[in-house]
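# Examination of the molecular architecture
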Amino acid sequence: AQAAIGLPPKVQACIPRRAGELIRRYDLEEATLRLAEELRLEVARLALPLFESSGGEYGITCGQVDPRAGDDVDAMVAAAQRLARLTPNLSVKIPVTAGGVEAIRELTAQGICTTATVSFSVPQVVTVCDAYRDGLRRLPAHLRPPRLQAVLMVGRLDDHLRIWVEEHDADIPEEVIAQ
């Protein structure tokens with residue numbers, strides 16, 4: 001799994017040692033959150049030259065707010081503000097919940113890039129885009145409009161459809177679901 005995240009071997013080799021250090025200092029949950037943040041920042045550091053040379057078009061990394069805060073607007077906004085201060089090439093992942101949509105609206109107004117995740121339908125993406133547009137209306141003129149990425153999780157929708165077909169003994173071929 002470490003190799004899959006694309007970190008250089010030197011960085012990968014440090015992960016078990018750093019995880020052990022954090023576990024000795026913090027409970028497992030806090031150690032995990034801290035290690036994830038350190039890795040996120042290392043990936044952002046590695047991608048920063050590409051971000052800078054492309055004028056912000058490429059080299060963007062994502063950092064997720066605590067998923068347990070999925071409806072706590074204030075907690076998500078505070079976490080996103082903290083993450084955004086760490087590096088300019090980070091888009092903060094926000095879940096598409098009612099609170100998440102409000103957080104995206106607020107973060108957009110503050111010029112913070114966001115990635116809306118766990119979207120299963122086009123109406124959810126439209127809702128996210130509406131929140132983004134509302135946030136842009138409140139964006140101070142001196143700030144650059146932030147990027148919004150809305151992720152439509154089609155594979156998860158496919159999984160849901162497969163389960164529904166099985167539960168309802170529906171005659172819908174796999175090719176139709178995949179299409």
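Above this text you will find the structure in question.
The present account deals with the structure reproduced in this document.

Cut-offs applied
- Residues numbered from 1 in each chain as written.
- Predicted model: local features only at pLDDT ≥ 70, side-chain atom pairs only at ≥ 80, totals over all residues.
- Heavy atoms only, no water.
- Pairing = 2+ DSSP bridges.
- Helix = DSSP H or I, 4+ residues; strand = E, 2+ residues; numbered from the N terminus.
- Axes fitted to C-alpha atoms, helices over the stretch in contact; angles between N-to-C directions.
- Contact = heavy atoms within 4.5 Å.
- Salt bridge = Lys/Arg side-chain N within 4 Å of Asp/Glu carboxyl O.
- Buried < 20%, exposed > 50% of the residue type's maximum accessible area, 1.4 Å probe, protein only.
- Core = buried A, V, L, I, M, F, W, Y, C linked by side-chain atoms within 4.5 Å.
- Expected span 1.5 Å × (residues − 1).
- Right-handed = clockwise from strand over helix to strand, strands pointing away.
- Parallel < 35°, antiparallel > 145°, perpendicular 65-115°, else oblique.
- Left-handed = near helix turned anticlockwise from the far one by under 90°.
- Nonpolar A, V, L, I, M, F, W, Y, C, P; charged D, E, K, R; others polar.

To continue, consider the sheet that holds strand S3 (residues 114-119). Ordered by their spatial adjacency, four strands build an open sheet running S1-S2-S3-S4, and the pairing between neighbours is parallel. A single partner strand is all that each edge strand has here, and the edge strands are strand S1 (61-64) and strand S4 (148-152). Averaged over all pairs of adjacent strands, the angle between their axes in this sheet comes to 30°, without regard to strand direction. The sheet contact formed by S3 and S4 spans four bridges and is parallel. When the bridges of S4 are listed, Ser119 appears paired with Leu152. Strand contacts of helix H3 (residues 73-86): S1 and strand S2 (90-95), with the helix running at about 165° to S2, the strand carrying the most contacts. Those strands touched by helix H4 (residues 98-109) are S2, S3 and S4, and its axis lies near 150° from that of S2.

Looking now at the pattern of salt bridges. Here the structure, examined in full by the defined rule, presents 15 salt bridges. Across the salt bridge formed by Arg45 and Glu42, the nearest N and O atoms sit 2.5 Å from each other. Taken together, the positions of Arg45 and Glu42, both in helix H2 (residues 28-53) and three residues apart, correspond to about one turn of that helix. Residue class for Glu42 comes out buried when judged on its relative accessible area of 17%. Across the salt bridge formed by Arg68 and Asp66, the nearest N and O atoms sit 2.4 Å from each other. What makes Arg68 exposed here is its relative accessible area of 55%.

Residues Val92, Ile94, Leu107 and Val128 are the most contacted members of the largest nonpolar core, which totals 20 residues. Taken together, the elements giving at least two residues each to this core come down to H3, S2, H4 and helix H5 (122-138). Residue contacts for Ile94: discarding those within four places in its chain leaves Val65, Met76, Gly100, Ala103, Ile104, Leu107, Thr114, Thr115, Ala116 and Thr117. With five residues, the next largest nonpolar core counts Ile15, Ala19, Ala31 and Leu35 among its residues.

The next thing to look at is helix H6 (residues 154-167). If you check H6, its first and last C-alpha atoms are 20 Å apart, about what 14 residues at 1.5 Å a residue would give, namely 20 Å. Looking at the residues trailing H6, positive phi occurs at Asp169, about 45°.

Turning to the pairing of S3, a few remarks are in order. For S3, the tally of buried residues reaches five of six residues, placing the bulk of the element in the interior. Crossover connection from S2 via H4 to parallel S3: handedness right-handed.

The two faces of S1 differ: Thr61 and Gly63 on one face are buried, but Cys62 and Gln64 on the other face are not. Where S1 meets S2, four bridges bridge the pair, whose relative direction is parallel. In the sheet register, Gln64 faces S2, and the bridge partner there is Lys93. This β-α-β element, S1 to H3 to S2, shows right-handed connectivity.

What follows concerns the packing of H3 against H4. Remark: H3 packs on H4, axes separated minimally by 9 Å, with the N-to-C direction vectors making an angle of 45°. In this view, H3 runs oblique relative to H4, as classed from their interaxial angle. Of the two elements, H3 crosses H4, and the hand of that crossing is right-handed. Taken together, the residues of H4 that come into contact with H3 (itself represented by Val73, Met76, Val77 and Ala80) are Gly99, Gly100, Glu102, Ala103, Glu106 and Leu107. When the residues that make up the contact of H3 with H4 are grouped by side-chain class, the tally is six nonpolar, two polar and two charged.

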